[in-house]
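The lines below spell out each chain.
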Amino acid sequence: MRKILGIVLALVLTLSLASFAAAEGKITVAALESAYGSEIWVEVCEAFTAKTGIEVELICDKNLEDVISPNMKAGIFPDVVHLATGRPAALTETMIKENLLTDITDVLSMTVPGEDVLVSDKIAGGFTESSLTNPYGDGKTYMAPMFYSPCGLFYNQTLFEEKGWELPTTWDEMWALGDKAAEEGIALFAYPTAGYFDAFFYALLYEVGGAEFFNEATTYAEGIWDSEPAQTAFDIVAKLATYTEKSVPANANNDNFTKNQQLILDNKAIFMPNGTWVVGEMKDAPRAEGFKWGFTALPAVTEGGDRYSYTWFEQMWIPSEAANVDEAKQFVAYMYSDEAAAIFAKGNAIQPIVGFADTLEGDNQLFYSIYDTGAKAALGSFAATDPVEGVNFNTTVFEAVNSLVSGDKTKEEWIEQIKIDSDLLRAALK
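What counts and how
Residues numbered from 1 in each chain as written. Predicted model: local features only at pLDDT ≥ 70, side-chain atom pairs only at ≥ 80, totals over all residues. Heavy atoms only, no water. Axes fitted to C-alpha atoms, helices over the stretch in contact; angles between N-to-C directions. Helix = DSSP H or I, 4+ residues; strand = E, 2+ residues; numbered from the N terminus. Parallel < 35°, antiparallel > 145°, perpendicular 65-115°, else oblique. Left-handed = near helix turned anticlockwise from the far one by under 90°. Contact = heavy atoms within 4.5 Å. Nonpolar A, V, L, I, M, F, W, Y, C, P; charged D, E, K, R; others polar. Salt bridge = Lys/Arg side-chain N within 4 Å of Asp/Glu carboxyl O. Buried < 20%, exposed > 50% of the residue type's maximum accessible area, 1.4 Å probe, protein only. Phe/Tyr/Trp six-rings, centres within 6.5 Å; stacked < 30°, edge-to-face > 60°. Arc of directions from axis to C-beta.

Here we come to the packing of helix H9 (residues 228-242) against helix H18 (residues 411-426). Contact pair H9 / H18: the axes reach a minimum separation of 11 Å and the direction vectors enclose 135°. The orientation of H9 with respect to H18, classified from their angle, is oblique. Between H9 and H18 lies a crossing whose hand is right-handed. Side by side, H9 and H18 meet where Gln-231, Phe-234, Asp-235, Val-237 and Ala-238 of the first sit next to Lys-411, Trp-414, Ile-415 and Ile-418 of the second. Its residues assigned to classes, the contact of H9 with H18 shows 6 nonpolar, 1 polar and 2 charged.

If you want it as structure tokens, here you go:
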């Protein structure tokens, strides 16, 4: 009897330990090391483990795709990946197109670890309702919003004060300022890389035609690029190219983009499209005496018209082949805790949490209050499609701006290629 009782107790103990191990678990988190640095990820992972008992193996690298792609091709996937769309390697876009993401809609109804509030109640409105998180338009969420940043036009406030210039509120006023600045050898516009035209162009689409037009344009509606709003957007971009500092295309790459950003700090160009991370990227760069960051939404198309600032945010996702999905979802839910948000904020990585912007100071208070001063938020991007050989719409629409500035491509050639590729992508919509 004692022997049987001992076996039963041993079995119960073994099962209890197994259950405890499963409850704690271990996950692998792959996170991009960007301008925010890697230290915040180390601290957040440690805090998550302390809160949940789930251990985290962290992979953090500036070239994350190069690190994790070989293993993924071999069938070994991280449990959680923090990697946004819009990067040259397009790994996240590939995962979307190949249906390799886990549906994380249920995370929204989970309780934030360590708190008594639902994830859905913590995330600011609209962030889980765009194609950047719901790429298939099926009402389900596959990517969690991370590190949001209002995108708009950055400039030197002191330059305007010294010159007695007024900030343009319409595109007509923008062109007038460009002509005035050109007389003093100052370009109206510069951009880090042509890829930064994504946020710019999306906000412009909202301005010229509103949300309905934006949705039709980003889902490749038939004839949409022949419409009057589309032509207005094309005209503005093409004209802006003529006001752009001519050295920009040569440096518009991952190695030299800071040289283009330096143009703003040196008062050699007035405006550039960017996100709030530019302050950190350029914090040690030389600058004109008295330089002070300024930030504004795109000028309105007409007097009194709507002005938009695109809200860029990064994404976190769980591969469909992840080995520890339940634990991975807990990690995603923890990203919206006050504790995690405070840690991320140390690196100027701001989570889209309701009311969190009220805690910010300095430049961040200026940037994140843009929607409190009249600008409207633009959200969304071009819809995901099945792969189409030879077509990368981001390249077609945005990268071509380099050629517009250099004169290697005409506006008409640019528009024609957009129409051709849009037709191909419409047929491949998911």
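Another point: the pattern of salt bridges. In total, this model carries 12 salt bridges according to the counting rule given. One salt bridge in this structure joins Asp-284 and Lys-283, with 3.2 Å as the shortest N-O distance. Assigned by exposure class, Asp-284 and Lys-283 land together as exposed. What emerges from the salt-bridge pattern is a single network uniting Glu-115, Lys-122 and Asp-338.

Moving on, we get to the packing of aromatic side chains. This structure, assessed with the given rule, holds 42 aromatic pairs. Here the aromatic rings of Tyr-36 and Phe-147 are separated by 5.3 Å at their centres, their planes lie at 75°, and the arrangement is edge-to-face. Of this pair, Tyr-36 sits in the loop between strand E1 (26-32) and helix H2 (39-52) while Phe-147 sits in strand E4 (residues 144-156); the two residues are 111 residues apart in sequence, bridging distant segments of the chain. One exposure class covers both Tyr-36 and Phe-147, and it is buried. Ring centres of Tyr-136 and Tyr-142 lie 5.0 Å apart, and the angle between their planes is 80°; this geometry places the pair in the edge-to-face category. Side by side, Tyr-136 and Tyr-142 carry an identical accessibility label, which is buried.

For the rest of this paragraph, the subject is helix H14 (residues 338-345). Where H14 is concerned, the buried positions are Ala-340, Ala-341, Ile-343 and Phe-344. Down the axis of H14, the sector holding all buried residues measures 160°, keeping them to one side. Elements that come into contact with the buried residues of H14 comprise H2, E4 and helix H13 (325-334).

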